Amino acid sequence: MRSHLSHTQSFSQNTTVSASSPDSAAALQVEHHALFPHISGEGQQVINMPASLCGTWDMISNVNLEGYMIALGISPFIRKIALRLKLRKVIEQQGDQYIIKTTSNFRNYTVSFRVGQEFQEFTQGLDNKHVKSLVTWEGNKLVCEQIGEKKNRGWAHWIEDDKLHLELYCEGEVCKQVFKKNANE
């Protein structure tokens, strides 16, 4: 079962509040705003949700992959092969679980997680490290922090201009990849 999130969803909210004095009405207004800051105006609630990352995506650009791989400690032989690959991402959501598959004609890698839940990850086929990972939403970006031997390691996925963007980072090196939706979807 796939779940696709829409960019913007609006919900109507009808709330009736009675107050015995102008001061208590103002207090209710302040309390309501403190509890529900995303609700404003004439009972209209707008929730901006990130665009759905789900789908099959083909890589169209790849900047500084070698610098990122050097930071990870990947051998020159593997780096040479990896630089020639055209990657495909398949992103699925099943309930509250995300599955991201990165495929190529050389190696495949799959990671499965729940947003907001820390998990142990073994980066088999990449740099073969054990890391503690935590994926969260930061605005419209799905961001993963990976704690292990390497400092400042992780990634971020987001949609911009109908393309999937991915930044991979480790010890100050940043690789920027862009993917377009597979034409068969």
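These numbers come from a predicted model, not from an experiment.

Caption draft 1: Representation of the pairing of strand 10 (residues 141–147) in the model. Bridge analysis of strand 9 (residues 130–138) against strand 10 gives seven bridges, and the strand direction is antiparallel. Bridging across to strand 10, Val135 finds its partner in Cys144. The hairpin turn running from strand 9 into strand 10, its antiparallel successor, is two residues long, and Gly139 in that turn takes a positive phi close to 65 degrees. Taken together, strand 10 and the strand that follows it, strand 11 (residues 153–160), pair antiparallel across an intervening segment of five residues, in which Asn152 is found at a positive phi of about 50 degrees.

Caption draft 2: Inspection of the sheet that holds strand 4 (residues 55–63) at higher detail. If you trace the ten strands from one edge of the open sheet to the other, you get 7-6-5-4-13-12-11-10-9-8, paired in antiparallel fashion. Bordering the open sheet on either side are strand 7 (109–114) and strand 8 (119–122), each of which pairs with just one other strand. Across this sheet, the average inter-strand angle for adjacent strands is 25 degrees, counted without regard to direction. Strands in contact with helix 2 (residues 65–72) are strand 4, strand 11, strand 12 (163–170) and strand 13 (173–181); relative to strand 13, the strand with the most contacts, it is inclined by about 130 degrees.

Caption draft 3: Spatial organisation of helix 2. Summarising burial for helix 2: six of the eight residues are buried, a large majority. Burial in helix 2 covers these residues: Leu65, Gly67, Tyr68, Met69, Ala71 and Leu72. In this structure, the buried side of helix 2 is in contact with strand 4, helix 3 (76–82), strand 11, strand 12 and strand 13. Just downstream of helix 2 lies Gly73, where phi reads positive at about 85 degrees.

Caption draft 4: The packing of aromatic side chains, seen in detail. Enumeration according to the criterion identifies four aromatic pairs in this entry. For the ring pair Phe113 and Phe119, a centre distance of 6.1 Å and an interplane angle of 10 degrees mean the geometry is stacked. Judged on exposure class, the residue Phe113 and its partner Phe119 are both buried. Ring centres of Phe113 and Trp155 lie 6.1 Å apart, and the angle between their planes is 55 degrees; on these two criteria the pair is classed as tilted. Here Phe113 is found in strand 7, whereas its partner Trp155 is found in strand 11, with 42 residues between them in sequence. With respect to burial, Phe113 and Trp155 carry one shared label: buried. Following the ring pairs from residue to residue traces out a cluster consisting of Tyr98, Phe113, Phe119, Trp137 and Trp155.

Caption draft 5: Expanded view of the confidence of the model for the protein. Looking at the protein as a whole, the pLDDT averages 80, with 73% of positions reaching at least 70. Counting contacts from residues 1–49, a segment whose pLDDT is below 50, to residues more than four positions away or on other chains yields 50 contacts.

Caption draft 6: Quick peek at unusual backbone geometry. In this model, Asn152 sits at a positive phi of 50 degrees, which is unusual for a non-glycine residue. Along the chain, Asn152 turns up in the loop between strand 10 and strand 11.

Caption draft 7: Main features of the environment of Phe179. Tracing the backbone shows Phe179 in strand 13. Spatially, the C-alpha atoms of Phe179 and Leu166 are 8.2 Å apart, while their sequence positions differ by 13 residues.

Caption draft 8: Summary view of the side chain of His157. Residue position: His157 is located in strand 11. Look at His157 and you get buried, because its relative accessible area is 2%. Aside from chain neighbours lying at most four places away, what touches His157 is Leu53, Lys89, Ile91, Ile100, Asn140, Lys141, Leu142, Leu164, His165 and Leu166.

Caption draft 9: Structural detail: the side chain of Thr102. Along the chain, Thr102 falls in strand 6 (residues 97–103). Here the side chain of Thr102 touches Lys89 through a polar contact of 2.8 Å, side chain to side chain.

About the cut-offs
- Residues numbered from 1 in each chain as written.
- Predicted model: local features only at pLDDT ≥ 70, side-chain atom pairs only at ≥ 80, totals over all residues.
- Heavy atoms only, no water.
- Pairing = 2+ DSSP bridges.
- Helix = DSSP H or I, 4+ residues; strand = E, 2+ residues; numbered from the N terminus.
- Axes fitted to C-alpha atoms, helices over the stretch in contact; angles between N-to-C directions.
- Contact = heavy atoms within 4.5 Å.
- Buried < 20%, exposed > 50% of the residue type's maximum accessible area, 1.4 Å probe, protein only.
- Phe/Tyr/Trp six-rings, centres within 6.5 Å; stacked < 30°, edge-to-face > 60°.
- pLDDT = per-residue confidence, 0-100.
- Polar contact = N/O pair within 3.5 Å; in protein donor to acceptor, adjacent residues only side chain to side chain.

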